[in-house]
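Structure at a glance
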Amino acid sequence: MRMLEKDEEEGDIQVSWQDQQNINTFSKHNARFQDLEETYEAKKTEKEYLDDLAMELELADEDEPVRYRIGEAFVSLSLEAAQERIAKTQGELDKEIEALKGQMDEAVEKMDELKKVLYARFGNAINLEKD
């Protein structure tokens, strides 16, 4: 958010209790959106790593055991079992990513509604945009 220049300021605008509630609600949705966005990016990166791993396992020798990480320990699994676990984890990540997208879209929708209300009330005296 940026500070307004002196020539952009529009005198003293009275902020009602409802206006303050709207500003607070916008701030909550914005903070939630940022948290969801960070989680989304982390899950997306994890999904990319799993996709790369699945491609690498396709090239692996079927007779050799695969070291699969569970928590902080590594377990030797057959190639088939490791591929099944990765496929299952990929499916779970896809569901989580879709859920995060939905939550992010919902937060953006609510912020857009509040932006309309707040910009209609305050005009250039309020800045709700990211820099």
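Residues numbered from 1 in each chain as written. Predicted model: local features only at pLDDT ≥ 70, side-chain atom pairs only at ≥ 80, totals over all residues. Heavy atoms only, no water.

Observations regarding the UniProt feature "coiled-coil region" (unreviewed entry) in the protein chain
Rule in force here: UniProt positions are given in the numbering used here, feature names are shortened, and annotations may be inferred rather than shown by experiment. Numbering of helices and strands starts at the N terminus; helices are DSSP runs of H or I of at least 4 residues and strands are runs of E of at least 2.
UniProt records the feature "coiled-coil region" (unreviewed entry) at residues 79–117, using the numbering of this structure. Between the first and last C-alpha atoms of residues 79–117 the distance is 57 Å; the span itself is 100% helix and 0% strand.

Details of the pattern of salt bridges
The following threshold applies: We define a salt bridge as a contact between a side-chain nitrogen of Lys or Arg and a carboxyl oxygen of Asp or Glu at a distance within 4 Å. Think of it in three bands: with a 1.4 Å probe and only protein chains considered, a residue is buried below 20% of the maximum accessible area for its type, exposed above 50%, and partly exposed in between.
Under the counting rule described, the total for this entry stands at eight salt bridges. Asp51 is paired through a salt bridge with Lys47; the nearest N and O atoms lie 2.9 Å apart. Taken together, the positions of Asp51 and Lys47, both in helix α1 (residues 17–58) and four residues apart, correspond to about one turn of that helix. Relative accessible area serves as the criterion here: at 29%, Asp51 is assigned to the partly exposed category. With its nearest N and O atoms 3.3 Å apart, the salt bridge here joins Glu106 to Lys110. With Glu106 and Lys110 both in helix α2 (residues 79–122) and four residues apart, the pair spans about one turn of that helix. Residue classification places Glu106 among the partly exposed residues on the basis of a relative accessible area of 45%. Overall, Lys110 belongs to the partly exposed group, its relative accessible area being 33%. Counted as one network, the salt bridges with shared partners bring together Lys47, Asp51 and Asp94.

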